[in-house]
Amino acid sequence: QRSNGPVTVLSFGDSVSDDYRSIQASLFARLQERFGARGTAFKCRSFKEAGGGTTLISWGPDWWTDYAKVPPGGYVAWHPEQCNNVGLFWVARPDGGLLQLSAVEGSTILPLLTLDGQSPTPVGCYTNVSLSRAYRGLRADGLSGTNVMVGARFVDTTGTGIWTAFMTKDGQNLDSIL
């Protein structure tokens, strides 16, 4: 109640804590009703669309839950939310390359950053960008290599409230990823 900005609440787990069937979903909704909703990250099944040869993968060697493999000319986009800060989580890999991160406002695509998805060994990466407050989506376009997109983050830092992050996978046993 005395925070000067959004508070992060994280859900991490297997099918028992899957976001749409768990106590977390109810608890998060109640917290947001009381303190206000300020954003989300890692929502399961949050990809709005994918194209240009992008493959949506349920789980595999690059990440333990849903992710997208984006080739050159491919893209993945996330549903829009009210926010003034957007972020992207990806895995840089030996066969990765450059990717373009853009904000999407209506039908307008606004390029933000060119990011590096290449690394000699797999490594988790994150970036974020502060923008004016608006209802916007996020899009990642492959420029070279095959890039692994893990999730998006949308946060409205203009007030207090709760922003939630769901890191869960239906049917996934945590022993297989820990």
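Quick caveat, the model's predicted, so the values are computed rather than measured. All residue numbers here refer to positions counted from 1 along the written sequence of the relevant chain. Only residues with pLDDT of 70 or above have their local features reported here, since the model is predicted, and side-chain atom pairs are shown and tallied only from 80 upward, although totals for entire chains, interfaces and linings are computed over all residues. To get the side-chain values, take all heavy atoms of the structure and skip hydrogens and water.

Chemist: Would you mind showing me how to read the overall build of the chain here?
Modeler: Comment: elements are numbered from the N terminus, with helices defined as DSSP H or I runs of at least four residues and strands as E runs of at least two. Scanning the chain from terminus to terminus reveals one helix and eleven strands. Along the chain, helices (α) and strands (β) appear in the sequence β-α-β-β-β-β-β-β-β-β-β-β when read from the amino end. Each residue is assigned to one of three classes by its accessible area relative to the maximum for its type, calculated with a 1.4 Å probe on protein chains only: buried under 20%, partly exposed between the two thresholds, exposed over 50%. A burial count over the chain gives 51% of its 178 residues as buried. Residue contacts are counted whenever heavy atoms from the two residues lie within 4.5 Å of one another. Across the chain, every contact between residues at least 6 apart in sequence was considered, and the portion connecting residues at least 24 apart equals 78%. Per-residue and other accessible areas were derived by the Shrake-Rupley procedure at a 1.4 Å probe size, with only the shown protein chains allowed to occlude residues. Element-wise, carbon and sulfur atoms account for 53% of the exposed surface of the chain, whose accessible area totals about 8700 Å².

Chemist: Looking at this model, I keep getting lost on the side chain of Asn84. Mind explaining?
Modeler: Tracing the chain through its elements places Asn84 in strand E6 (residues 75-92). The exposure class assigned to Asn84 is buried, which follows from its relative accessible area of 11%. Pairs of N or O atoms within 3.5 Å make up the polar contacts considered here, provided that, within protein, one atom can donate a hydrogen while the other can accept it, and that residues adjacent in sequence are counted only when both atoms are side-chain atoms. Of note is the side chain of Asn84, whose polar atom sits 2.8 Å from the backbone nitrogen of Thr157. Ignoring any residue separated from it by four or fewer positions in sequence, one finds Asn84 in contact with Val129, Ser130, Leu131, Ser132, Arg133, Arg136, Val155, Asp156, Thr157 and Thr158.

Chemist: What should I look at first to understand the packing of aromatic side chains in this one?
Modeler: For any pair of aromatic rings, geometry is given as the distance between the ring centres together with the angle between the planes. Put simply, two rings from Phe, Tyr or Trp (the six-membered ring, in Trp's case) pair if the centres are within 6.5 Å, and we call them stacked under 30 degrees between planes, edge-to-face over 60, tilted for the rest. Tallied over the full model, the rule gives one aromatic pair. A ring has a charge above it when a Lys NZ or an Arg CZ is no more than 6 Å from the ring centre and no more than 35 degrees off the ring normal. Over the face of the ring belonging to Tyr75 we find Arg139, whose NZ or CZ atom lies 3.9 Å from the ring centre.

Chemist: Can you help me understand the pattern of salt bridges in this one?
Modeler: Opposite charge on two side chains permits them to pair, given that their charged atoms come into close proximity. Each salt bridge in this description consists of a side-chain nitrogen of Lys or Arg and a carboxyl oxygen of Asp or Glu lying within 4 Å of one another. In this structure the tally under the stated criterion is four salt bridges. Across the salt bridge formed by Arg136 and Glu105, the nearest N and O atoms sit 2.8 Å from each other. On the criterion of sequence distance, the pair formed by Arg136 in strand E9 (residues 123-142) and Glu105 in strand E7 (residues 98-105) is long-range, its members being 31 residues apart. On the accessibility criterion, Arg136 (1% relative accessible area) is buried.

Chemist: Can you help me understand the nonpolar core in this one?
Modeler: Side chains that are nonpolar tend, in soluble globular proteins, to be buried together. Take the buried Ala, Val, Leu, Ile, Met, Phe, Trp, Tyr and Cys residues and link them wherever side-chain atoms come within 4.5 Å; each set so joined is a nonpolar core. Membership of the largest hydrophobic core comes to 20 residues, with the highest contact counts inside it found for Val76, Trp78, Leu88, Trp90 and Met149. Only strand E5 (67-70), E6, E7, E9 and strand E10 (147-155) provide two or more residues apiece to this core. If you tally residues by element for this core, the top one is E6, at seven residues. Beyond its immediate sequence surroundings of up to four residues, Val76 is in contact with Phe47, Glu49, Ala50, Leu56, Ala68, Val70, Leu138, Arg139, Ala140 and Met149. Of all hydrophobic cores here, the second largest spans six residues; its members include Ile57, Tyr67, Val148 and Val150.

Chemist: Teacher, can you tell me more about the pairing of strand E8 (residues 108-116) here?
Modeler: For a regular strand, side-chain orientation follows a simple rule: the groups alternate between the two sheet faces. By definition, two strands form a pair when at least two bridges between them are found by DSSP. Strand direction decides the pairing type here: E7 and E8, joined by eight bridges, are antiparallel. Its bridge partner lying in E8, Leu98 is registered against Asp116.

Chemist: Even after reading the chapter, I still don't get the environment of Ala140, so can you show me in this structure?
Modeler: The topology assignment puts Ala140 in strand E9. A relative accessible area of 1% places Ala140 in the buried class. The spatial distance from the C-alpha of Ala140 to the C-alpha of Ser102 is 6.3 Å, given a sequence separation of 38 residues. The residues touching Ala140, leaving out its near neighbours within four places in the chain, are Val70, Gly74, Tyr75, Val76, Trp78, Leu88, Leu99, Gln100 and Met149.

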